[in-house]
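Fold and geometry: a report
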Amino acid sequence: MPVKLTLEMVIFAALAGAAALAAVGVVAFRNATRSALCLVFNFFVLGFLYFSLQVEMLGITQVVVYTGAIMVLFIFVIMLLNLGSSHLLAEKFDGKKPVGIFFGIALAVLLSSQIVPMFARTESKPLVYPLGDSKVVGQTLFTSYVFPFEAVSFLLLVGIVGSILLAKRRMS
Amino acid sequence: MQDVLAAFGRAILLILPIFGPVPVIIWWERRLLSWMQDRIGPNRTGNITFSRNSRMIPSFLKGKKIKLFGLLQSIADGIKLFLKEDIMPSKTDKLLFIVAPFIALFVSFTLGATVPFSGDLRFTPVADVNIGLLYVLAISSLGAYGLVLAGYSSNNKYSLIGGLRASAQLISYELAMGVSLASIVMMSGSLKLTDIVNQQQNTPLYNLNFAPFTLIANWNILSPMGFVSGIVFFICMLAETNRPPFDLPEAENELVAGYHTEYSTKRWALFMMAEYMAMFVFSMIWFTIFMGGYHLLPVRSEFLDGIEQKVGFLLGPLTMMLKGAFGLSVYIWVRATFPRLRYDQLMNLGWKFLLPLSVGNLMITASWIFANRVYGNAVGWGVVCIGYAILGIVWLRTRRKKQDEKQFGSRSIDMVVSSVRFSSPEIAAVADATEGL
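Small disclaimer: the values here were computed from a predicted structure and weren't measured.

A look at the overall build of chain B
Secondary structure assignment for chain B yields 16 helices and 2 strands. The buried share of chain B, taken over its 437 residues, is 46%. Excluding contacts between residues fewer than 6 apart, the proportion of contacts in chain B whose partners are at least 24 apart in sequence is 75%. Accessible area of chain B: about 22700 Å², with a carbon and sulfur share of 67%.

Shown next as structure tokens:
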């Protein structure tokens, strides 16, 4: 069955291609700042992918949290460390590479086992929750997923306190 | 095809009212600042005095003066900047050096996309999405990249320090900003900016349905919770746009010009335009969230509503521009009043004052909403009073502790004192005697 080309599909394809290119750029660049910037761009475009799927809430959270906060910190740290010339960073060949390739292929198989059947089917299932609405997201987070939500927040708190403790110990 | 054209039209509707006033904004800043500093400021550019006895001048213009109060100064500056030789230092990261001002410009252009300009929703906001407030936060947090990349790519240590300061400052103040907005979102129950505006105008003051309160609209700034978060948001807004007293990324007396030290001509002008547009949009956002948006007065009367419905498409944008201009004047006023903060003062203000204050405010708002719904109005306001009393007591306690510490608790002063003590015993005796003071 020939797929009808709509404007939304073109935009989605362009965004997805840009995101994929940026993701390649993250690992291809030698310069750490360039890699980080590619990651920034990737996260930013991912947000727009969510917009084009009508889950604005998820998309804007992606932009606020990853592009706006975490990656600014990444770049801050990269600049602070001043990594110097890039040839120092070039890694030698060792056992990590084949293992990494193996795990990469495994992940690709896992993901495609979820995605390919969706492509094979002609019609897609409608969303269970309209995730674009912030009210729905909040309601589901604080009712059916309240325990994992609080557990994750507690875990993050422990992480923050632990890192401060470690840093303080090293200073004194 | 029509959709695409409509989208372009909406984008222009967003950009024009922000981009158009930039020369006037720059002129206004220079004039207002010079009045506040007892100077005159640029008042000549554009003045034309016609000759009294030349034949080239038509008779009705002879000896006449056309005064423009220096309004053309920024146009002249712009022409100069765009025609100057473009200098790009060698050994810069060329791509990032070129891209950085455009990122700054992109942020300022897109920041106001969810701000409604009038009650007529056909034209503005450009995107009436139900996450409008989060969109503002998201885009304003991208503003760091322009500055950071400019600082990094310039290959200059002062620029790099400026960029680092910019990123640290933005991350610190974004938190307090987000938390202060959270209490507003809880009060109005929506993230949509149009909903926030309507909720402010259409409910009576403090949601009380009797005589004097029904006449006044429930603008967020009028309630205590909204007032506190309004102040916090305003301070964070100054920090996000890197304006004095938070202009550490471009501190002239420490960093030459900070992140834009190596920039000149068009690229520098782009940074300046981005800054002024961001100021204008941020002041409009502040007025939208806290002071009723496109409504002129916090008054609820059918007469005014009727006027607004008749000429709302004109009155709304006009009101927004007026409010934006007023916000800009406050920006300039703050610049003329406060000296620049030291870096540790900046961090202390952000993390130790604004963030706890806005979190406490959020808690008070939450308990007010809960008590109001469950136990009624009086209990709700009682809870608010108790909450602020607790907040004040905690603040006073922590403040007193700080005063007990030694007055000049910095390492450099300790070093100076110890070296002086080492060199002369008389001064050491005086220093010992005055230790407690």
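Notes on the overall build of chain A
Secondary structure summary: chain A contains 6 helices and 0 strands in total. Secondary structure elements of chain A occur, N-terminal to C-terminal, as α-α-α-α-α-α. Looking at chain A as a whole, 21% of its 172 residues qualify as buried. Relative to all contacts within chain A whose residues are 6 or more apart in sequence, the contacts with residues 24 or more apart total 49%. Accessible surface for chain A amounts to roughly 12900 Å². Of this, 74% is attributable to carbon and sulfur atoms.

Brief notes about the confidence of the model for chain A
On average, residues of chain A score 81 in pLDDT, and 81% of them are at 70 or above. The spread of mean pLDDT over the elements of chain A runs between helix α5 (residues 134-142) of chain A, the lowest at 82, and helix α6 (residues 146-171) of chain A, the highest at 88.

Focus on the interface of chain B and chain A
In this complex, chain B contributes 25 residues to the contact, which on the side of chain A involves 27 residues. For the pair chain B and chain A, the summed buried area comes to about 2100 Å², and 76% of that belongs to carbon and sulfur atoms. Summed over the shared surface of chain B and chain A, the number is 0 salt bridges. Scanning the region where chain B abuts chain A turns up 3 residue pairs in polar contact (both at pLDDT 80 or more).

Remarks on the side chain of Ser108 of chain B
All names here are of chain B. Residue position: Ser108 is located in helix α4 (residues 94-110). Note on Ser108: relative accessible area 3%, which makes it buried. The contact partners of Ser108, leaving out residues within four places of it in the chain, are Ala274, Met277, Ala278 and Val281.

Things to note about the pattern of salt bridges
A pair can form between side chains of opposite charge whenever their charged atoms are brought close. All names here are of chain B. What the rule picks out here adds up to 8 salt bridges over all chains. A salt bridge links Arg335 to Glu29; the shortest N-O distance between them is 2.8 Å. Here Arg335 is found in helix α12 (residues 302-337), whereas its partner Glu29 is found in helix α2 (residues 22-36), with 306 residues between them in sequence. On the basis of relative accessibility, which here comes to 34%, the residue Arg335 falls in the partly exposed class. Note that Arg243 is salt-bridged to Glu275, the shortest N-O span being 3.2 Å. Of this pair, Arg243 sits in the loop between α9 (224-240) and α10 (252-255) while Glu275 sits in helix α11 (residues 265-290), and the two are 32 residues apart along the sequence. Because the salt bridges share partners, they merge into one network encompassing Glu29, Arg243, Glu275 and Arg335.

Here's the deal with a nonpolar patch on the surface
All names here are of chain A. A cluster of nonpolar side chains, Leu141, Phe142, Tyr145, Val146, Phe147 and Phe149, forms an exposed patch at the surface whose accessible area comes to about 590 Å². Elements with a minimum of two residues in the nonpolar patch: α5 and α6. If you tally residues by element for the nonpolar patch, the top one is α6, at 3 residues. Relative to the elements of secondary structure, Leu141 occurs in helix α5.

Details of the environment of Gly63 of chain B
All names here are of chain B. Following the sequence through the fold, Gly63 ends up in the loop between β1 (48-49) and β2 (65-66). Sequence spacing of Gly63 and Asn53 is 10 residues, and the spatial spacing of their C-alpha atoms is 8.1 Å. Look past the residues within four positions of Gly63 in its chain and what remains in contact with it is Phe50, Ser51 and Arg52.

Notes on helix α13 (residues 343-375) of chain B
Residues and elements named next belong to chain B. Its 33 residues give α13 an end-to-end C-alpha distance of 46 Å, which sits within 8% of 48 Å, the value for a rise of 1.5 Å per residue. Helix geometry: α13 is bent most strongly at Leu349, by close to 30 degrees. Just past α13, the residue Gly376 takes up positive phi, approximately 100 degrees.

What to know about the environment of Leu215 of chain B
Residues and elements named next belong to chain B. Mapped onto the elements, Leu215 comes out in helix α8 (residues 211-215). Spatially, the C-alpha atoms of Leu215 and Pro204 are 6.8 Å apart, while their sequence positions differ by 11 residues. Residues in contact with Leu215, not counting those within four places in the same chain, are Pro298, Val299 and Arg300.

Observations concerning the side chain of Glu250 of chain B
Along the chain, the position of Glu250 of chain B falls in the loop between α9 and α10. Although Glu250 of chain B is buried, it forms no salt bridge, and the closest oppositely charged side chain is Arg243 of chain B at an N-O distance of 6.8 Å.

Description of the nonpolar core
Buried together is how nonpolar side chains tend to be arranged in soluble globular proteins. In terms of nonpolar packing, the biggest core is built from 108 residues, with Ile75 of chain A together with Leu133, Tyr173, Phe233, Ile285, Trp286 and Ile289 of chain B touching the most fellow members. Other than its neighbours up to four places away in sequence, Trp286 of chain B contacts Ile221, Gly230, Phe233, Phe234, Met237 and Met291 of chain B.

Basis of the calculations
Residues numbered from 1 in each chain as written. Chains lettered and ligands numbered in written order. Predicted model: local features only at pLDDT ≥ 70, side-chain atom pairs only at ≥ 80, totals over all residues. Heavy atoms only, no water. Helix = DSSP H or I, 4+ residues; strand = E, 2+ residues; numbered from the N terminus. Buried < 20%, exposed > 50% of the residue type's maximum accessible area, 1.4 Å probe, protein only. Contact = heavy atoms within 4.5 Å. Areas by Shrake-Rupley, 256 points an atom, 1.4 Å probe, with all protein chains shown as cover. pLDDT = per-residue confidence, 0-100. Buried area = accessible area lost by both parts, 1.4 Å probe. Salt bridge = Lys/Arg side-chain N within 4 Å of Asp/Glu carboxyl O. Polar contact = N/O pair within 3.5 Å; in protein donor to acceptor, adjacent residues only side chain to side chain. Patch = residues over 30% accessible without salt bridge, like charges linked within 9 Å, V, L, I, M, F, W, Y side chains within 5 Å. Expected span 1.5 Å × (residues − 1). Bend = angle between axes of the 7 residues up to and from the residue. Lys, Arg positive; Asp, Glu negative; His and termini not counted. Core = buried A, V, L, I, M, F, W, Y, C linked by side-chain atoms within 4.5 Å.

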